[in-house]
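Close look at the chain arrangement
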Amino acid sequence: MSGTKSGGHADDPFQEGGGSLLRQPKAVWATAGASVVAFMGIGLVDPILPSIARGLHASDSQVSLLFTSYFLITAFAMLVTGFVSSRIGGRRTLLAGLALVVVFAALSGMSGSVGELVGFRAGWGLGNALFVSTSLAVIVGAAAGGSAAAILLYESALGLGMACGPLLGAILGDMKWRYPFFGTAVLMAIGFVAITAFLKEQPRPARKTSLLDPLRALGHGGLASAAVAAFFYNYAFFTVLAFTPFVLDMSPYSSGGVFFAWGVLLAVFSVLVAPRLQHRFGSLKVLGGSLLLLAADLLVLGYGDHTTAVVCTVLSGAFIGLNNTVFTELALGVSDAPRPVASAGYNFVRWFAAAAAPFLAPRIEEWTDLHVPFVVAAAAAVAGAGIVAVRRRALTIEAAELEPRHTAQDGVSAFAN
């Protein structure tokens, strides 16, 4: 095994410098709770996509635009969030994001057409981008003691939200497809009140971030390579998240159960397994192997029977959890740009794939057959692995086979940023 880990993140995540996972101020718990709901919103619509299509008399490809509009706005918002938070402060940025989510989630539930719903999801994506891009930095800044326990709390909130989002969508959506949107608006409103009451404004960064800083950071070859590889990986990821519910064609409860199990695996492998594998094998080996395994899983998913498709959908959560964590670690350490700036540039590139996959996968099915979207997604995962292999020198020289390391300045998480 390689040398000892810095920061104690994997070795003793529950204690660092007197900090404890559970002994945190109310401000930390308020922000973490709102983070759970924010991440729930990403997979919330998964179990109810077929129900939305029926309720609004829309095609599968039209309904899939709920993801496309959400993540297209998220991609562009990556250039704005640092600009905003460095000027108005973390607390106000969080509250602005929460307010936007409350408004647009409620409007989504009142939509009379799929076009309206797609538009309101875009506004929701802007609010969520403002919130999640700032929440980790706020949690770590407000945490008692060291940063490791606070970061673990945030990553646990991420995993819990990704797992519970489909479950909440299934429970409320089984009654009516509109209810999950209203439920999210209520929960985020509670989060808004809690943060208003418990979170004090934190010091603003010494240097204000410009809108072009993230794009300039992409001039670094290693960061650009990581971003392009993550672009192809995200195409595969969001083919699973946005297209598979139509393929499984299950009731909201059944689909919610499948994606709950998927989210649990994603959380476990992201928070617990990935750091250990990185410590033993190095980031690039773990990343390349996980991408190839994801590609194989997608091929079996696309050509297997229904039971096989369910198993492979759940299993993909493990590979996605690994990839999310390792890609983020790599993007944060591969260049000399400030970490929030490097993260914004990296995410600006990769979130375009999250917008493209939900749009293209149903159309590829319409043009060909049910299997081909998964073949394309598998090819995208292989392309990502190929870029990691070909650009290994650029990635390794700067990253030095990164061991996982997080600081209060990261301002990002393994998934959301």
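What you are looking at is a predicted structure, and each value in this text was computed from that prediction instead of being measured. (Residues numbered from 1 in each chain as written. Predicted model: local features only at pLDDT ≥ 70, side-chain atom pairs only at ≥ 80, totals over all residues. Heavy atoms only, no water.)

If pLDDT is low for a region, its predicted coordinates should not be looked at in detail. When pLDDT is averaged across the protein, the result is 83; 87% of the residues are at 70 or more. At the low end of the mean pLDDT range in the protein sits strand 1 (residues 15-16), at 44; at the high end sits helix 15 (residues 372-390), at 97. In this model residues 1-19 is a low-confidence stretch, pLDDT under 50, and it forms 44 contacts with partners more than four residues away in sequence or in other chains. Predicted confidence for residues 397-417 stays below pLDDT 50, and this span has 89 contacts to residues more than four positions away or in other chains. (pLDDT = per-residue confidence, 0-100. Helix = DSSP H or I, 4+ residues; strand = E, 2+ residues; numbered from the N terminus. Contact = heavy atoms within 4.5 Å.)

The relative placement of two aromatic rings is captured by the distance of their centres and the angle of their planes. Under the counting rule described, the total for this entry stands at 17 aromatic pairs. Each member of the aromatic cluster is reached from another via a ring pair, and the members are Phe67, Tyr70, Phe71, Tyr233, Phe237, Phe238, Phe259, Trp262, Phe327 and Trp351. One cation-aromatic arrangement involves Arg87 over Phe83; the distance from NZ or CZ to the ring centre is 3.8 Å. Above the plane of the ring of Trp124 lies Arg121, whose end atom (NZ or CZ) is 4.8 Å from the centre. (Phe/Tyr/Trp six-rings, centres within 6.5 Å; stacked < 30°, edge-to-face > 60°. Lys NZ or Arg CZ within 6 Å of the ring centre and 35° of its normal.)

Another aspect to go through is the side chain of Asn324. Turning to its location among the elements, Asn324 is positioned in helix 13 (residues 306-333). Of the polar contacts made by the side chain of Asn324, one reaches the side chain of Tyr233; its length is 2.7 Å. (Polar contact = N/O pair within 3.5 Å; in protein donor to acceptor, adjacent residues only side chain to side chain.)

Right, let's get into helix 1 (residues 26-43). Three- or four-residue spacings in an α-helix give side chains the same orientation, since the helix completes a turn every 3.6 residues. Relative to the 26 Å expected for 18 residues at 1.5 Å per residue, helix 1 spans 27 Å between its end C-alpha atoms, a close match to the ideal helical length. Counting buried positions over the 18 residues of helix 1 gives 15, a clear majority of the element. (Expected span 1.5 Å × (residues − 1). Buried < 20%, exposed > 50% of the residue type's maximum accessible area, 1.4 Å probe, protein only.)

Now for the pattern of salt bridges. Per the stated rule, a full pass over the model turns up one salt bridge. With its nearest N and O atoms 3.0 Å apart, the salt bridge here joins Arg216 to Asp213. One end of the pair, Arg216, and the other, Asp213, are both in helix 9 (residues 213-217), three residues apart, so they sit about a helical turn from each other. Residue Arg216 is classed as exposed on the basis of its relative accessible area, which comes to 53%. (Salt bridge = Lys/Arg side-chain N within 4 Å of Asp/Glu carboxyl O.)

Counting residues in hydrophobic clusters, the biggest one holds 121 residues, and the most contacted among them are Ile52, Phe71, Ile195 and Trp262. At 17 residues, the largest contribution of residues to this core is made by helix 10 (residues 221-248). Ignoring any residue separated from it by four or fewer positions in sequence, one finds Phe71 in contact with Ile42, Phe238, Trp351, Ala354 and Ala355. (Core = buried A, V, L, I, M, F, W, Y, C linked by side-chain atoms within 4.5 Å.)

A few words now on the environment of Ile88. In this structure, Ile88 sits in helix 4 (residues 65-88). The sequence separation of Ile88 and Arg204 amounts to 116 residues, and the corresponding C-alpha distance is 7.9 Å. Contacts of Ile88, omitting those with residues within four sequence positions, involve Thr93, Glu201 and Arg204.

Moving on to the packing of helix 10 against helix 13. Taken N-terminus to C-terminus, the directions of helix 10 and helix 13 make an angle of 155 degrees; their axes are 10 Å apart at the nearest point. Taken together, the axes of helix 10 and helix 13 are roughly antiparallel relative to one another. Viewed along their axes, helix 10 and helix 13 form a crossing whose handedness is left-handed. Residues Leu223, Ala226, Ala229, Ala230, Tyr233, Phe237, Val240, Thr244 and Leu248 of helix 10 form the contact with helix 13, whose participating residues are His306, Ala309, Val310, Thr313, Ser316, Ile320, Asn323, Asn324, Phe327, Leu330 and Ala331. Counted by class, the contact of helix 10 with helix 13 contains 14 nonpolar, six polar and no charged residues. (Axes fitted to C-alpha atoms, helices over the stretch in contact; angles between N-to-C directions. Parallel < 35°, antiparallel > 145°, perpendicular 65-115°, else oblique. Left-handed = near helix turned anticlockwise from the far one by under 90°. Nonpolar A, V, L, I, M, F, W, Y, C, P; charged D, E, K, R; others polar.)

It is worth spelling out unusual backbone geometry at this point. For residues besides glycine, phi is generally negative; the peptide bonds are generally trans as well. With a phi angle near 55 degrees, His57 is a residue other than glycine that sits in the positive phi range. Residue position: His57 is located in the loop between helix 2 (49-55) and helix 3 (60-63). Its identity is not glycine, yet Asp249 carries a phi of approximately 50 degrees, on the positive side. As for its placement among the helices and strands, Asp249 is situated in the loop between helix 10 and helix 11 (252-281). Overall, the relative accessible area of 57% leaves Asp249 in the exposed class.

A few words now on the packing of helix 11 against helix 13. With their axes 7 Å apart at the nearest point, helix 11 and helix 13 run at an angle of 40 degrees to one another. Classed by the angle they form, the pair helix 11 and helix 13 counts as oblique. As helix 11 runs across helix 13, the sense of the crossing is right-handed. Here the residues of the contact of helix 11 with helix 13 are counted per class, giving 17 nonpolar, eight polar and one charged.

Here we take up helix 4. Along its 24 residues, helix 4 runs 32 Å from first to last C-alpha, staying within 8% of the 34 Å computed at 1.5 Å per residue. Downstream of helix 4 by a residue or two, Gly89 has a phi angle that is positive, lying close to 95 degrees.

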